[in-house]
Structures are given as structure tokens and as C-alpha cells.
Amino acid sequence: MKSVTLGQYYPIESKIHSLDARVKLIGVIIFIISLFVATNFLAYGIVGIFLYFCIKLAKLPLKFVIKGVRALGYVIVFTMVVNVIFSPGEIILLDLGFFNITLEAVLWGILITLRFVLLIISSSLLTLTTSPINLTGAIETLLSPFKKIKLPVHEIAMMMTIALRFIPTLMEETDKITKAQMSRGAEFDSGSIAKRVKSLIPILIPLFVSAFRRADDLAMAMEARCYRGDINRTKLKELRYTKNDVIAYAIMFIFLLLVILTNFIYY
């Protein structure tokens, strides 16, 4: 659980870190669109190379970034197995009687798994290279047109950022509670499924209590600092685009166009 990188911030100086938070947020959206546009291995190869290039520009240790994927290993394997079993196909590789494993299903399962893995890494890259304050400002700025319809943009941006920031904190808290229960003789890996589910109760109850306590402490700290939402608030640092931000936008749109063109090549 300590391997979860989503929500953490890696404070170093790099070209990705120095970009405007709005550029990185829109970049992740464009990257997600490219994942759903990609339908062949060439497109996924381009997406993977582009993401690797971004990780290197961010000066992030590759092992540290991949560590976040390993934390969701069971979910990734489950996604792969489900797609292989239930996807249709014509070229049968293995006939198990009640269902068949086809070549098309295996290829589709690999593509979906790659999509899921790349999605995790790109989302982690956003939080690793963007401080919570800048991320809140970026979300609020991009959603600012909705203020005209009385949408609480600032509060929504604040809640989204706090939720992301608390993911690694809650994961670490879960790990501590699990180890504490195991030291008292609790077993989580033995017995029937019903027994395993029941054994999670001593973890979930303290976790919920801890989460509510942290939320209450955060609310009291914000009130002590006279936080009143978006009422008469000013910003210490205003978000401004630079030449590098414009170049980053151009690179991202060229990247998306290149991914789209691969679909016409393999049409």
C-alpha cells in the first residue's frame, strides 16, 4: 500500500514541474483521449514512448513510477483475465468446453491492460509533478466559466485536490492498521471467503474512524485560518502561460494527431 504514487508530490526541479498546472491537467486529458482513440499496438507504442519521454523530462525515477502500478497488480491481472475470457473471437487458441480463449480476445485483453496501466502512470505523473496548491488553482481556472451558472467551482476544485492528496495518506493508515491487527493475531489470508471478508471489519472500522478524525482536524485547521471558500480570495501566485507552455500544448496536439493517424494506417 505504501507503493501507491497517485496523490503524492515529488518536489524536484524539472521541465515538467515548471510547466503551468493547467497545461499538465489538459495534457493528461489529451493523453486519456489518445488511450481511447488508440486501437492498435503501433498507437500504444507511440503512447508508451511519449509517456516515457515525459517521465524522463520530469526527472522521476522509473522504478518509483512503476511502483504505483505494482500496487494495483491484482486489479490489472483481473482486468486482463476478464477481457480474455469474455471477449469474442474467431481464431481459437484454447478450447475449455464452457468457454474458448481466442487470439482476438488475448490481443484485446493486452490492449485493455496496457490502456489501464498507462492511465495509472499518467494520472500519477500529474500529481507527482504538480503541487496540491497549483493543481487546485488549475482546476478552478479551467472550471471558472461554470461560475456563471452559480456552480461552486472553488469548492469543487478544493475537494478534488484534497481527495487526491489523501489517497496515499489513507493507504499508509490502512497498512498501519493491518500490521497492528496482525500483531494481535488476526489472519487475513486464510479461511473461506466469508471468513476473509469478516476479518476486514477490524480494519475498516478503525480506518473510517481515522478518516473522519483527519477530515475534522482539517476542517478545524481551515476554520482557524479563516477559510471561507471563494469569498474575496486572492492568490499569491497567479497562473500565467509561458513560451514553454505553448510549446508543450503544440507537442501534445501533434502527439494526439499522430495517434489518430495510426488508425487510418491500420484501417
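With that out of the way, let us pick up the layout of surface pockets. There is about 520 Å³ of room inside the second largest pocket. As for the second largest pocket, its lining consists of 25 residues, of which Ile 16, Leu 19, Phe 50, Cys 54 and Ala 248 are closest to the centre. Elements represented by at least two residues in the lining of the second largest pocket include exactly α1 (21–37), α2 (41–57), α5 (103–129) and α10 (243–265). For the lining of the second largest pocket, the residue count by class is 18 nonpolar, five polar and two charged.

A word on the environment of Pro 132. Inspection of the secondary structure puts Pro 132 in helix α6 (residues 132–142). Since its relative accessible area comes to 33%, Pro 132 is described here as partly exposed. Considered as a pair, Pro 132 and Ile 162 are 30 residues apart in the sequence and their alpha carbons are 7.8 Å apart. Look past the residues within four positions of Pro 132 in its chain and what remains in contact with it is Thr 161 and Arg 165.

In this section: the packing of α2 against α5. Running from amino to carboxyl end, α2 crosses α5 at an angle of 20°, the nearest separation of the two axes being 11 Å. As the angle between them shows, α2 and α5 are arranged roughly parallel. Regarding α2 and α5, the two cross each other, and that crossing is left-handed. Listed contacts from α5 to Phe 41, Tyr 44, Val 47, Gly 48, Leu 51, Cys 54 and Ile 55 of α2 are Leu 107, Ile 110, Leu 111, Leu 114, Arg 115, Leu 118, Ile 121, Ser 122 and Leu 125.

Our next topic: the pattern of salt bridges. This model, assessed by the stated rule, comprises four salt bridges. Here Glu 173 and Arg 214 are joined by a salt bridge, their closest N and O atoms 3.1 Å apart. Within this pair, whereas Glu 173 is found in helix α7 (residues 153–183), its partner Arg 214 is found in helix α9 (residues 201–224), the two being separated by 41 residues in sequence. Exposure remark for Arg 214: the relative accessible area of 30% places this residue in the partly exposed category.

Rules used in this analysis
Residues numbered from 1 in each chain as written. Predicted model: local features only at pLDDT ≥ 70, side-chain atom pairs only at ≥ 80, totals over all residues. Heavy atoms only, no water. 1 Å grid on protein atoms, 1.4 Å probe; cavity = no way out; pocket = protein on both sides within 12 Å on 5 of 7 lines; lining within 4 Å. Points joined across faces, edges and corners; volume = space filled by probe spheres on them. Helix = DSSP H or I, 4+ residues; strand = E, 2+ residues; numbered from the N terminus. Nonpolar A, V, L, I, M, F, W, Y, C, P; charged D, E, K, R; others polar. Buried < 20%, exposed > 50% of the residue type's maximum accessible area, 1.4 Å probe, protein only. Contact = heavy atoms within 4.5 Å. Axes fitted to C-alpha atoms, helices over the stretch in contact; angles between N-to-C directions. Parallel < 35°, antiparallel > 145°, perpendicular 65-115°, else oblique. Left-handed = near helix turned anticlockwise from the far one by under 90°. Salt bridge = Lys/Arg side-chain N within 4 Å of Asp/Glu carboxyl O.

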